[in-house]
Amino acid sequence: MLLGFVFVPLLGAAIMPFVRKIWAKGSTYLSVVVSTFLVVTTGWIAYHNILTQNSLTLEQWIFGQSIALKVDGLSLVILAAIGLVSLVTAIYSAGYSFHPDSRPGFNALLLLIVTGMNGLVMATDLFTLYVFLEIVSIAAYILISYQTDEYGLEGSFKYMMLSAVATTFLLLGTALLFAVTGSVSLTDLAIGVKSGNLMVQLGFAFVMFAFLVKAGMIPFHAWLPDAYTAAPAPVSILLAGIVTKVGGVYTLMRVILGVFGFSKSFSAMLLFIGAVSAVFGAFLALGQKDFKRMLAFSSISQIGYIFMGFATGSPLGLIGATFHFFNHAVFKSLLFLNAGAVEQATGTRKFDELGGLASRMPITGTTSVIGILSTAGIPPLAGFWSKLIIIIALWQTGYHLYAMIAVFASVVSLAYLLTLQHSVFFGKIKEGLEGTQEVAPVFYWPAVIMASVTIACGIFFPIIIDKLILPVNSLFGLLVK
Amino acid sequence: MTNYFGIDFMAVILIICIGLYTLVMAKNLIRMLIGFELMTKGVTLAFISAGNANGRIALSQSLVITMIVVEVVSIATALAIVMLIQHKKNSLNVRSLTNLKG
Amino acid sequence: MELHISILVFLFIIPAILAAICRDLLRSVIALLFCSLGLTFLLFNLNAPLAGVFELSVGAGLISVLFINAISLTRPLSAEENLARRKDHYRRFIGLPFIIIIIAALLWFNQQQIFGNLIFKKTAENATIGQILWGLRGLDLIGQIVILLVGVYGIVVLFKRGRSND
């Protein structure tokens, strides 16, 4: 059954050219159907395994030993996020004004990038992780430059060059670990790296460096705002919502949990990088004048939070990080959906040219208020709970200073998000925008879906934590200290 | 069977340094890709000499074969994007990529 | 051992430096081809013939063709631009050989400290490459299929759009 997560989207992408010949509009429906299938299957696995049997780790070997797939608590949450974000992207792209010839290609690439992410999430060895990471990156380069305008090509090229360095170091680290342990599967590596000699440490450093670049943490963040801003609207929803997080954050979590375990110095380093990203990302966002660019810096800041929660190395921190991962995927794609809708309705993303849109675009205005409040961490929305858990985890493990930094960064986030809300949606309507109308339903329905997910996660958070996120904890049984 | 790992690994470090230097210092977009290609060659050598050292040469060969396929696709995509940049801007200079700032 | 080191130096490192330094991109690509050739000999020498053949046909052959294609399709520089940029180019890359020689010397004279005490656990392996590739690395093969699809769709889409909207 796990094979379906890889093969269904792959098949969908493979038959896309034929679908297009038979039925011109079929490609969009196909990608919507496939991503709905993914959401439903994830929900079914969660329901079946958590509510009835209470054992979460699913492992499958198919064709003898040739394909090994594994889903545990962490992967299941990520799979749910991938399904949701790809669903709203597919719906949103139905209304986006692509060149008619290029719509099937877009949908095929969307399904392929989803295939790559699903494979990445279920991979059980470091080299397979690399192969699927590379699928995701190459599909992302193409999607960013999809409109072949100057901005898209430039953002794509910058992303590509930093990714190339990251990929090289990931492979070099893998080669070193392979030399020492004689294997590349995560379980064998975990046994092999206990010797802790120079080569293991070098390999560890290279692999971590690669994932931090992929996640866009502060010293290596140069590519991220450019890529997000330059990409066409549906692609930036997908990129900001899930792609960079799966490529950098999930992979790092998986490798640490599965292979290396936490050490004192590593925790300190990751906490420092996370805190720097959370604070400076928020300050850089404060100075932006472009809707999407501000959201891109906000992404850096929020990913800093995820890393801070994870770096505590405590079960509560892991829960907070996983929950924030899911929440961030939901509310950041919600905000990018709104950015796309505003750009669609007014033709600009600059703050000085926007203002007072709430009266003209009530639905977009309301959903963006929900997204912003959730990002800033206002109760009872989902973002509040995950931030609270992360801060409590930081406090409990004795990192009091970092807990205070996290609170401080949250205040700065509230400041820039209110600036955004004020200059785009509230206040008096700007000249020349009086004729603005609410966007077509195909643009605001995805935002409504995401907003209701945020509200539901906030209100029913005890159930969500208990049933969906808490099983992540079982991963700590495997930790090598 | 002689163990070449130490010597090979020195070559790997050197070639990755050359590749990184090229990637950072080059002005021409195609030369940046040449730097990337050099780094890939270094990593290939690292895998095979690791496999030679720990006796799992067959596994390392199968990894390298996969890796070469992946890298070819990534280079082809990169060259396509570079050619489109040249087509749009009529220049291959990396300094011409200054639209996104701030 | 001597053969190995001389292949390394003369067919792997020196072409790589040339590929970085050559002013003419076409010559750079030819140097890259020689670097690939050196890598092929190294792989044969390290008992990895299949990977060597792959490197020869794909790494040396296909990638050089792709690069030469891209270079010939992009606009060549005019004569005076060429002259103006030559000085600038050599100024930026003149440091490379010296840096490489310094790093090489540092590594060479400290190799006992760095690599001297590495002990490898030898694992006996009796499966062939085919058995490993098909029997253990199935997910990688699926990954290769996916990545080829990505490449095909991507290049078709990029070029169709890139040519049509100018």
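Each chain carries its own residue numbering, running from 1 in the direction its sequence is written. Each chain gets a letter, beginning with A, and each ligand a number, beginning with 1, in the order they are written. Where totals are concerned, whole chains, interfaces and linings use all residues; where local detail is concerned, this predicted model gives features only for residues with pLDDT of at least 70, and gives and counts side-chain atom pairs only at 80 or more. As a convention, hydrogens and water are excluded, and side-chain values are obtained from all of the structure's heavy atoms.

1. Here we look at helix α13 (residues 291–311) of chain A
Residue and element names in this part refer to chain A. What counts is decided by this rule: Runs of E in the DSSP output that reach at least two residues are strands. Runs of H or I that reach at least four are helices, and both are numbered from the N terminus. By definition here, a helix of n residues has an expected span of 1.5 Å times n minus one. Buried, partly exposed and exposed residues are distinguished by accessible area as a fraction of the type maximum, computed with a 1.4 Å probe on protein chains only: under 20%, between the cut-offs, and over 50%, respectively. Pairs of N or O atoms within 3.5 Å make up the polar contacts considered here, provided that, within protein, one atom can donate a hydrogen while the other can accept it, and that residues adjacent in sequence are counted only when both atoms are side-chain atoms.
Taking 1.5 Å of rise per residue, 21 residues should cover 30 Å, and α13 covers 31 Å from first to last C-alpha, within 8% of that figure. Burial runs high along α13: 21 of the 21 residues are buried. The N-cap residue of α13 is Asp 290: its side-chain oxygen and the backbone nitrogen of Lys 292 are 2.9 Å apart. Of the residues trailing α13, Gly 313 is marked for its positive phi of about 70 degrees.

2. A closer look at the domain arrangement of chain C
Rules: Where each domain begins and ends follows an automated or database-derived domain assignment.
By domain assignment, chain C separates into domain 1 (1–76), domain 2 (78–116) and domain 3 (129–166). Here the C-alpha centre of domain 2 of chain C lies 18 Å away from the C-alpha centre of domain 1 of chain C.

3. Notes on the side chain of Thr 244 of chain A
Note the threshold: Only heavy atoms matter for contacts: two residues are in contact if any of them lie within 4.5 Å across the pair.
By secondary structure assignment, the location of Thr 244 of chain A is in helix α11 (residues 233–260). Sequence-distant contacts of Thr 244 of chain A, that is, excluding residues within four places in its chain, are made with Lys 214, Ala 215, Trp 223, Tyr 228, Leu 239 and Val 249 of chain A.

4. Points about unusual backbone geometry
All names here are of chain A. With an omega dihedral of 0 degrees, the bond running from Pro 379 to Pro 380 counts as a cis peptide bond. You can see Pro 380 is positioned in the loop between α15 (362–376) and α16 (382–396). The backbone of Thr 148 sits at a positive phi, close to 45 degrees, despite the residue not being glycine. For Thr 148, the position within the fold is in the loop between α6 (126–144) and α7 (150–181). Judged by relative accessible area, which is 1%, Thr 148 ranks as buried.

5. Some remarks on the interface of chain A and chain C
What counts, and what does not: Buried area is calculated as the accessible area (1.4 Å probe) missing from two parts once they are joined, with the contributions of both summed. Each reported salt bridge corresponds to a side-chain nitrogen of Lys or Arg within 4 Å of a carboxyl oxygen of Asp or Glu. Only Asp, Glu, Lys and Arg are considered charged, only Ala, Val, Leu, Ile, Met, Phe, Trp, Tyr, Cys and Pro nonpolar, and every remaining residue, Gly among them, polar.
Listed as interface residues are 40 residues of chain A and, on the opposing side, 25 residues of chain C. Carbon and sulfur atoms supply 72% of the area that chain A and chain C bury against each other, a total of about 2800 Å² over both sides. Three residues, Ser 66, Ile 135 and Thr 148 of chain A, lead the burial of chain A against chain C; their summed loss comes to 17% of the area buried on that side. Along the contact surface separating chain A from chain C lie 1 salt bridge. Close ionic contact of Arg 137 of chain C with Asp 125 of chain A constitutes a salt bridge, the shortest N to O distance being 2.9 Å. Inspection of the chain A/chain C interface yields 3 residue pairs in polar contact (both at pLDDT 80 or more). Counting residues per element, the ones that place at least two in the side of chain A that touches chain C are α1 (3–14), α2 (16–22), β2 (67–71), α5 (103–122), α6, α7 and α9 (198–215) of chain A. Of all the elements, α6 of chain A adds the most residues to the side of chain A that touches chain C, at 9 residues. In terms of residue class, the side of chain A that touches chain C is made up of 25 nonpolar, 11 polar and 4 charged.

6. Regarding the environment of Gly 138 of chain C
Within the element layout of this structure, Gly 138 of chain C appears in helix α8 (residues 138–164). Distance from Gly 138 of chain C to Leu 66 of chain C, taken between C-alpha atoms, is 29 Å for residues 72 residues apart in sequence. In contact with Gly 138 of chain C, not counting residues within four places along its chain, are Ser 66 and Ile 67 of chain A together with Leu 133 of chain C.

7. A short note on the interface of chain C and chain B
With 80 residues of chain C in contact, the opposing surface of chain B contributes 66 residues. Between chain C and chain B, the buried area comes to about 6800 Å², and carbon and sulfur atoms account for 76% of it. On the chain C side of the contact with chain B, Leu 46, Phe 67 and Arg 92 of chain C bury the most area, a combined 9% of that side's loss. Where chain C packs against chain B, one counts 1 salt bridge. A salt bridge links Lys 41 of chain B to Glu 55 of chain C; the shortest N-O distance between them is 3.3 Å. Looking at the side of chain C that touches chain B, the elements that each hand over two or more residues are α1 (2–21), α2 (25–45), α3 (49–73), α4 (79–93), α5 (95–109), α6 (111–115), α7 (129–135) and α8 of chain C. When residues in the side of chain C that touches chain B are grouped by element, the largest group, 14 residues, is from α3 of chain C. Here the side of chain C that touches chain B is composed, by residue class, of 51 nonpolar, 16 polar and 13 charged.

8. What about the packing of helix α4 (residues 73–95) of chain A against helix α18 (residues 441–459) of chain A?
Residue and element names in this part refer to chain A. The criterion, for reference: Angles here are taken between N-to-C directions and fall from 0 to 180 degrees, while the axes themselves are lines fitted to C-alpha atoms, restricted in helices to the stretch in contact. Note on angle classes: values under 35 degrees are labelled roughly parallel, values over 145 roughly antiparallel, values of 65 to 115 roughly perpendicular, and the remainder oblique. Handedness of a crossing is defined here by the sense of rotation of the near helix relative to the far one, left-handed for an anticlockwise turn of less than a right angle and right-handed for a clockwise turn.
Axis separation between α4 and α18 bottoms out at 7 Å; the angle between their running directions is 160 degrees. Between α4 and α18, the crossing angle belongs to the class labelled roughly antiparallel. For the pair α4 and α18, the crossing hand works out as left-handed. Across the interface between the two elements, Leu 84, Val 85, Val 88, Ile 91, Tyr 92, Ala 94 and Gly 95 of α4 pack against Val 442, Phe 443, Pro 446, Ile 449, Met 450 and Val 453 of α18.

9. Re the nonpolar core
Filter applied, for reference: Grouping buried Ala, Val, Leu, Ile, Met, Phe, Trp, Tyr and Cys residues that are joined through side-chain atoms within 4.5 Å yields what is termed a nonpolar core.
Ranked by size, the top nonpolar core spans 278 residues in total, and within it Ile 113, Ile 242, Leu 252 and Phe 310 of chain A, Phe 47 of chain B together with Phe 12 and Phe 67 of chain C carry the most contacts. Ranked by residues supplied to this core, first place goes to helix α3 (residues 57–89) of chain B with 19 residues. Other than its neighbours up to four places away in sequence, Leu 252 of chain A contacts Met 208, Phe 211, Leu 212, Phe 266, Leu 270, Phe 307 and Phe 310 of chain A. By size, the runner-up hydrophobic cluster in this structure holds 5 residues, among which are Ile 319, Phe 323, Phe 461 and Ile 465 of chain A.

10. Points about a nonpolar patch on the surface
To keep it simple, the criterion reads: The patches reported here contain residues having more than 30% relative accessible area and no salt bridge. Joining distances are 9 Å for like charges and 5 Å for nonpolar side chains (Val, Leu, Ile, Met, Phe, Trp, Tyr). In this description, accessible areas are obtained by the Shrake-Rupley approach with a 1.4 Å probe, and a residue is regarded as covered only by the protein chains that are shown.
A cluster of nonpolar side chains, contributed by Ile 455, Ile 459, Phe 460 and Ile 463 of chain A, occupies part of the molecular surface with about 380 Å² of accessible area. Checked against the element boundaries, Ile 463 of chain A lands in helix α19 (residues 461–469).

11. Digging into the domain arrangement of chain A
All names here are of chain A. Assigned domains within chain A: domain 1 (1–122), domain 2 (149–260) and domain 3 (265–481). Each of domain 2 and domain 3 has a C-alpha centre, and the two are 23 Å apart. Every contact between the two is made by 33 residues of domain 2 and, on the other side, 36 residues of domain 3. Roughly 2900 Å² is buried in total at the junction of domain 2 and domain 3, and carbon and sulfur atoms are behind 81% of that figure.

12. Remarks on the side chain of Ser 413 of chain A
Residue and element names in this part refer to chain A. Mapped onto the secondary structure, Ser 413 falls in helix α17 (residues 400–424). Under the relative-accessibility criterion, Ser 413 is labelled buried at 0%. Non-local contacts of Ser 413, meaning those with residues more than four positions away in its chain, are made with Ala 282, Ser 301, Gln 302 and Lys 387.

13. Details of the packing of α1 of chain C against α2 of chain C
Residues and elements named next belong to chain C. Packing of α1 against α2 leaves a shortest axis separation of 8 Å and a crossing angle of 160 degrees. Relative to α2, the element α1 is oriented roughly antiparallel. Note on packing geometry: the crossing formed by α1 with α2 is left-handed. Residues His 4, Ile 7, Leu 8, Leu 11, Phe 12, Pro 15, Ala 16, Leu 18 and Ala 19 of α1 touch α2, and the partners they reach there are Ser 28, Ala 31, Leu 32, Phe 34, Cys 35, Gly 38, Leu 39, Phe 41, Leu 42 and Asn 45. When grouped by side-chain class, the residues that make up the contact of α1 with α2 number 15 nonpolar, 4 polar and no charged.

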